[in-house]
Amino acid sequence: MAIENLNNSTQEAEDIEKSVVVECEDSTTSPANSDVDAPHFGRKETKRLLRKMDIRLVPFLALLYLQVTSPITLQAAWILIICFRLSFLDRTNIGNARLFGLEKNLGMAGLDYNIALAVFFPTYVLAEIPSNMMLKRFGAKLWLTTIMVIWSAIVIAMGFVTNFSGLLAARALLGLAEGGLFPGVSYYITVWYQRHECGLRLALFFSAATAAGAFGGLLARGIGEMKGVAGRSGWSWIFIIEGILTLVVAGFAYYVIVDTPDKARFLTSTEKEEVVRRLKHDHSSLADEFDMKYVWDALKDWKIYVHMLITVGVYTPLYSVSLFLPTIVRNMGYSNEQSQLMTVPPYVSACIVTICVGYFADKMKTRGVFMLGFSSLAMLGWIMLVSSGRSAVQYTGVFLATAGIFSCVPIGLAWNGNNIGGTLKRGVGIAMHVGCGNLGGTISAFIYLPKHSPRFISGHAALIGMVAMSFLLSLFMTVYLRRENSRRDRWALENNMMPESYTDEQKFLEREKGDNASFFRYTI
């Protein structure tokens, strides 16, 4: 039923002639005839194509809760979602390892654990923009597989560290290796999907993180019982087993990921044309080539920097929850084993909410209102954690906080990506967005300090302030983008240059302007 609804909403987007034409990925050759931009398949043919894609997805629905129903390479979709799930699991499993004697065995004390968390993020951030440029240059198949093999080897090595210094070195290298995955796959999605289909797909993709949180708690609970096997501690086996699992998936990734629609062997030549045609119909003739001037365009765009600040306000509480939730739940009065299991329901709830939010945001073709609504929900959750010492109230607050903050991540990313014109500028802009947001991971490592245990009131209050910042900046961007679209519409009326009336030749003349092109309209 959900898949059918998604098919219908996708088809409606194709059947309705939009008055606003947006950014495109075209070549530097002369513009083609405007008839090429129109959808080629009829309604029944498109539904048949989508159904073909669904059949490929069904075996994975139960595992991944996916409903990917546009003509993307679905094999790549599920393998990339698994990759991200493993990436998030590998970077946050230290929170579970902590409960199985990590600090004691490595002689850690005071803020050592917090430092071990923080050292991951500077290298993670440094890797993101160069990584997306390499992905654009070499393709997703080669680049994503390479970094996945590297980080899985590092995670396995973390299971063999014998002191605090070794853990720090491994965490820093892990950040460098993992830094390219999230911005890379986020960009990859925009290469296959229409602009207002990205929100749900990013939500499906990011829901893997919430699933990783739930799965990680269960997995760690089981692996932790391997204490003593081969003379190794339970925390050591958590790293080793999860690293091996990642390495196995990496072995399949190279053969499953497809760089671009025109290289998808599972699609017929007609279906490949339809995928490309749908993207051209959704976009306009904006620059697609690799040219460093588009990198500078991204670095000079003030709107991207506002989104970067919004993301810091979202990612800081996101990582705080991911890294410290087992500790927060344990301090409600539960044992280590109970707290591991009790982290699962909030993550499952957040996973479902994140997917639903992505679906409705795409259906309504809007982002800002959802950012405002779910950042408010997250603040309510942390207010409950601050205001009451009752475990039932606090645990309810955890549900609201996780559902609200996890939902903001893919919506915010889709919002920024929708409003960046040109493929290279968009790739760099997405990397800037995710990179700056991940600086929040460094902050999050010092949000919940041991001296504030067990209530962590100051930490919860700090996160309320971070989310409030994102709320206010999201409100500003919503108002600004609405006014800018209105200004462009007024100019178009005065000059008789409505977006739908542009010829391909006229669009081609503005192809290097990106989202500053006169026919571009922002997603609000």
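Because the structure is predicted, anything quoted here is derived from the model rather than measured.

### Structural notes on the overall build of the protein
Regarding its fold elements, the protein presents 21 helices and zero strands. Taking all 524 residues of the protein together, 60% fall into the buried category. Taking all contacts inside the protein whose residues are at least 6 apart in sequence as the whole, residues at least 24 apart take part in 82%.

### Quick word on unusual backbone geometry
Following Ser-453, the chain continues into Pro-454 via a peptide bond in cis, with omega recorded as 10°. With respect to the helices and strands, the residue Pro-454 is situated in the loop between helix H19 (423–444) and helix H20 (457–494).

### Let's talk about the nonpolar core
Soluble globular proteins tend to pack their nonpolar side chains together in the buried interior. Core analysis: the biggest nonpolar cluster contains 107 residues, and Ile-94, Leu-102, Leu-167 and Trp-382 have the highest contact counts within it. Of all the elements, helix H14 (residues 302–330) adds the most residues to this core, at twelve residues. If we skip the residues at most four places from it in the chain, Leu-102 touches Ile-94, Ala-97, Met-108, Leu-167, Trp-235 and Phe-239. Ranked by size, the runner-up nonpolar core spans 13 residues in total, among them Tyr-294, Ile-304, Ile-420 and Met-432.

### Observations concerning the environment of Cys-356
As for its position among the elements, Cys-356 is in helix H16 (residues 344–364). Along the primary structure Cys-356 and Ser-407 are separated by 51 residues, whereas in three dimensions their C-alpha atoms are 9.0 Å apart.

### Notes on the environment of Phe-100
Tracing the backbone through its elements, the reader meets Phe-100 in the loop between helix H3 (74–98) and helix H4 (102–105). Phe-100 gets classed as buried once you look at its relative accessible area, which sits at 19%. Separated by 236 residues in the primary sequence, Phe-100 and Asn-336 place their C-alpha atoms 8.6 Å from one another.

### Observations concerning helix H9 (residues 181–192)
Compared with an ideal rise of 1.5 Å per residue, which puts twelve residues at 16 Å, H9 spans 17 Å between its outermost C-alpha atoms and is within 8% of the ideal. By the criterion of burial, H9 is predominantly enclosed, with twelve of the twelve residues buried.

### A few points about a nonpolar patch on the surface
Residues Phe-138, Leu-142, Tyr-254 and Tyr-255 make up a contiguous nonpolar surface patch of roughly 470 Å² in combined accessible area. Counting through the fold element by element, Tyr-254 comes out in helix H11 (residues 234–256).

### So, the pattern of salt bridges
Under the definition given, this model contains eight salt bridges. Among the salt bridges present, the one from Asp-515 reaches Lys-303, with a minimum N-O distance of 3.6 Å. Linking Asp-515 in the segment after helix H21 (504–509) with Lys-303 in helix H14, this pair joins segments that are 212 residues apart in sequence. What makes Asp-515 buried here is its relative accessible area of 0%. Salt-bridge contacts for Asp-489 lead to Arg-521; the nearest nitrogen and oxygen are separated by 2.8 Å.

### Considering the side chain of Thr-123
Inspection of the secondary structure puts Thr-123 in helix H6 (residues 120–138). In this structure the side chain of Thr-123 is engaged in a polar contact, spanning 3.1 Å, whose partner is the backbone oxygen of Phe-120. Setting aside residues no more than four positions away along its own chain, Thr-123 makes contact with Ala-172, Gly-175 and Leu-176.

### Describing the packing of aromatic side chains
With the rule as written, the count across this model stands at 15 aromatic pairs. Aromatic side chains Phe-324 and Tyr-448 sit 5.5 Å apart centroid to centroid with 65° between the ring planes, which places their arrangement in the edge-to-face category. Taken as a pair, Phe-324 in helix H14 and Tyr-448 in the loop between H19 and H20 lie far apart in primary sequence, 124 residues in all. Here the aromatic cluster, defined as three or more aromatic residues joined through ring pairs, consists of Phe-120, Phe-121, Tyr-124, Tyr-315 and Tyr-319. Looking at Lys-141, its charged tip hangs above the ring of Tyr-254, at a distance of 5.0 Å from the centre.

### As for H16
Here H16 contains 21 residues, and its C-alpha end-to-end distance of 31 Å stays within 8% of the 30 Å for a straight helix at 1.5 Å per residue. Phi turns positive one or two residues past the end of H16, at Lys-365, with a value near 55°.

### Here we look at the confidence of the model for the protein
With 78% of its residues at a pLDDT of 70 or more, the protein has an overall mean of 77. Element-level mean pLDDT values for the protein span from 43 in helix H1 (residues 2–15) up to 95 in helix H17 (residues 368–387). Low pLDDT, under 50, characterises residues 1–39; the predicted model gives this stretch 107 contacts beyond four residues in sequence or across chains. A low-confidence stretch, residues 53–78 (pLDDT under 50), is modelled with 73 contacts involving residues beyond four sequence positions or located in other chains.

### As for the state of the cysteines
Within this structure, the stated rule accounts for zero disulfides. No disulfide involves Cys-351; its nearest neighbouring cysteine sulfur is the one of Cys-356, lying 9.5 Å away.

### Digging into the packing of H17 against helix H18 (residues 391–418)
For any two helices packed against each other, the geometry is given by the interaxial angle and the distance between the axes. The geometry of H17 relative to H18 is characterised by a closest axis approach of 7 Å and an angle of 155° between their N-to-C directions. In terms of their interaxial angle, H17 and H18 are classed as roughly antiparallel. In the crossing of H17 with H18, the sense of the turn from one axis to the other is left-handed. Residues of the contact of H17 with H18, tallied by class, amount to 18 nonpolar, nine polar and no charged.

Cut-off values and rules
Residues numbered from 1 in each chain as written. Predicted model: local features only at pLDDT ≥ 70, side-chain atom pairs only at ≥ 80, totals over all residues. Heavy atoms only, no water. Helix = DSSP H or I, 4+ residues; strand = E, 2+ residues; numbered from the N terminus. Buried < 20%, exposed > 50% of the residue type's maximum accessible area, 1.4 Å probe, protein only. Contact = heavy atoms within 4.5 Å. Core = buried A, V, L, I, M, F, W, Y, C linked by side-chain atoms within 4.5 Å. Expected span 1.5 Å × (residues − 1). Patch = residues over 30% accessible without salt bridge, like charges linked within 9 Å, V, L, I, M, F, W, Y side chains within 5 Å. Areas by Shrake-Rupley, 256 points an atom, 1.4 Å probe, with all protein chains shown as cover. Salt bridge = Lys/Arg side-chain N within 4 Å of Asp/Glu carboxyl O. Polar contact = N/O pair within 3.5 Å; in protein donor to acceptor, adjacent residues only side chain to side chain. Phe/Tyr/Trp six-rings, centres within 6.5 Å; stacked < 30°, edge-to-face > 60°. Lys NZ or Arg CZ within 6 Å of the ring centre and 35° of its normal. pLDDT = per-residue confidence, 0-100. Disulfide = S-S within 2.5 Å. Axes fitted to C-alpha atoms, helices over the stretch in contact; angles between N-to-C directions. Parallel < 35°, antiparallel > 145°, perpendicular 65-115°, else oblique. Left-handed = near helix turned anticlockwise from the far one by under 90°. Nonpolar A, V, L, I, M, F, W, Y, C, P; charged D, E, K, R; others polar.

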